[in-house]
Amino acid sequence: MFQVDLHLHTTYSDGTLDPATLVGLCASRGLSVIAISDHDSTEGLPEALAAASSYDGLEVIPAIELSTDIPGSEIHILGYYVDYEDRAFQKVLGEFRQDREGRGRRMVEKLNDLGLKISWERVQEISDGGAIGRPHIAQALVEAGYVQYPRDAFDRYIGRDGPAYVGRPKLTPEDAIKLLIGNGALPVMAHPTYSETKSDRGEVRSLKDTVSDLQRGGLIGMEVFYGDYTPDQVSYLYGIAEELDLVPCGGSDYHASGNPGEPEPGTVGPPISTAKRLAEVKQASDSRRARS
Ligand code: AMP
Ligand code: ZN
Ligand code: FE
Ligand code: FE
């Protein structure tokens with residue numbers, strides 16, 4: 001078991017555990033530093049921080065995960081130590097969630113056109129006020145008996161190449177990084193191998209080149225110890241992080257999704273030194289901001 005898990009989702013996005021339950025689960029699993037990183041929402045953070053205060057020795061880092069687009073793929077950017085009281089930032093997040101809603105509706109329409117009778121109302125109920133994501137639609141498809149597990153819905157219908165997939169309005173990783181830096185949050189690239197990166201001309205670019213470009217824009221870390229990554233993937237990514245002097249982050253990306261074999265909190269994560277490094281980078285960045 002690991003002590004640090006920097007990638008977790010709650011009911012405020014597409015996770016199925018509320019913040020207090022998730023924090024309690026992490027405490028019972030002996031974790032000492034966790035980050036709650038919902039998609040496009042910080043609304044679960046006050047509850048998560050309050051819940052953590054009743055457990056000795058459990059720190060919650062307030063975080064967020066933003067989805068961005070690159071030609072033919074996407075990059076997710078995590079933001080650590082997010083300031084959730086930043087009004088301008090909240091306004092942008094509200095717009096992102098609004099976009100998620102329109103897109104969710106359109107995916108349901110496409111599914112209906114394919115003959116899969118799920119309702120937008122049910123998807124909204126499942127999302128329970130959280131930022132709407134494809135896992136909510138997947139759950140509606142499970143309930144209606146069209147697929148056995150949520151991941152089957154991705155494989156057959158709503159994965160990137162699926163017949164009912166709808167993209168989001170484009171946000172570049174550079175813009176997401178700027179947005180996070182403006183907020184005072186530390187930008188970190190999530191699950192780097194999920195993003196096959198291509199140049200504008202369609203050539204595949206090496207991950208190292210892509211990450212290094214983003215680092216010039218202010219990226220300070222990348223996930224290395226992630227979800228179901230194999231030891232080979234971890235050592236490949238660790239090598240890149242070391243070479244570029246990026247903080248090697250990671251976590252389970254736990255959603256309590258109902259998918260078999262989902263990595264649970266604390267089954268994968270970075271060493272405690274990563275949490276210390278993140279705190280140091282945050283301090284240094286705060287004092288630079290205070291001086292400028
Ligand atoms: P969205 O933000 O609506 O594009 O949905 C992305 C989320 O869907 C991710 O954060 C995962 O929780 C989930 N997801 C993406 N791909 C898969 C997959 N192949 N199987 C199961 N869940 C997935
Ligand atoms: Zn998710
Ligand atoms: Fe992600
Ligand atoms: Fe995630």
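Overview of the structure. (Residues numbered from 1 in each chain as written. Chains lettered and ligands numbered in written order. Predicted model: local features only at pLDDT ≥ 70, side-chain atom pairs only at ≥ 80, totals over all residues. Heavy atoms only, no water.)

1. Structural notes on the site of ligand 1
By nearness alone, every residue bordering ligand 1 is listed as D14, H39, R100, R103, G133, R134, P135, R151, F154, H255 and N259. The backbone of R134 places a nitrogen or oxygen atom 2.8 Å from an oxygen atom of ligand 1. Separating an oxygen atom of ligand 1 from a side-chain N or O atom of H255 is a distance of 2.9 Å. Coverage of ligand 1 by the protein chains reaches 76% of its 500 Å² of free accessible surface. Within the residue set of the shell around ligand 1, elements represented by two or more residues are α3 (87-113), α5 (134-143) and α6 (150-158). Residues that form the shell around ligand 1 fall into these classes: 2 nonpolar, 4 polar and 5 charged. (Near = heavy atom within 4 Å. Polar contact = N/O pair within 3.5 Å; in protein donor to acceptor, adjacent residues only side chain to side chain. Areas by Shrake-Rupley, 256 points an atom, 1.4 Å probe, with all protein chains shown as cover. Helix = DSSP H or I, 4+ residues; strand = E, 2+ residues; numbered from the N terminus. Nonpolar A, V, L, I, M, F, W, Y, C, P; charged D, E, K, R; others polar.)

2. Digging into the coordination of the zinc ion (ligand 2)
Listed as protein donors to the zinc ion (ligand 2) are D14 (OD), D14 (OD), H39 (NE2) and H255 (NE2); their distances from the metal cover 2.0 to 2.7 Å. Considering all 6 donor atoms around the zinc ion (ligand 2), the spread of angles at the metal, 51 to 165 degrees, places the coordination shape in the irregular class. Counting along the primary sequence, the residues that act as donors to the zinc ion (ligand 2) give the motif D-x24-H-x215-H. The metal-metal distance between the zinc ion (ligand 2) and the iron ion (ligand 3) is 5.7 Å. Of this pair, H39 sits in strand β2 (residues 33-39) while H255 sits in the loop between β7 (247-251) and α10 (272-291), and the two are 216 residues apart along the sequence. The residues H39 and H255 share a single accessibility class, namely buried. (Donors = N, O, S within 2.8 Å, 3.2 Å for Na, K, Ca; no water. Tetrahedral: all angles 85-135°; square planar, octahedral: opposite > 155°, others 65-115°. Buried < 20%, exposed > 50% of the residue type's maximum accessible area, 1.4 Å probe, protein only.)

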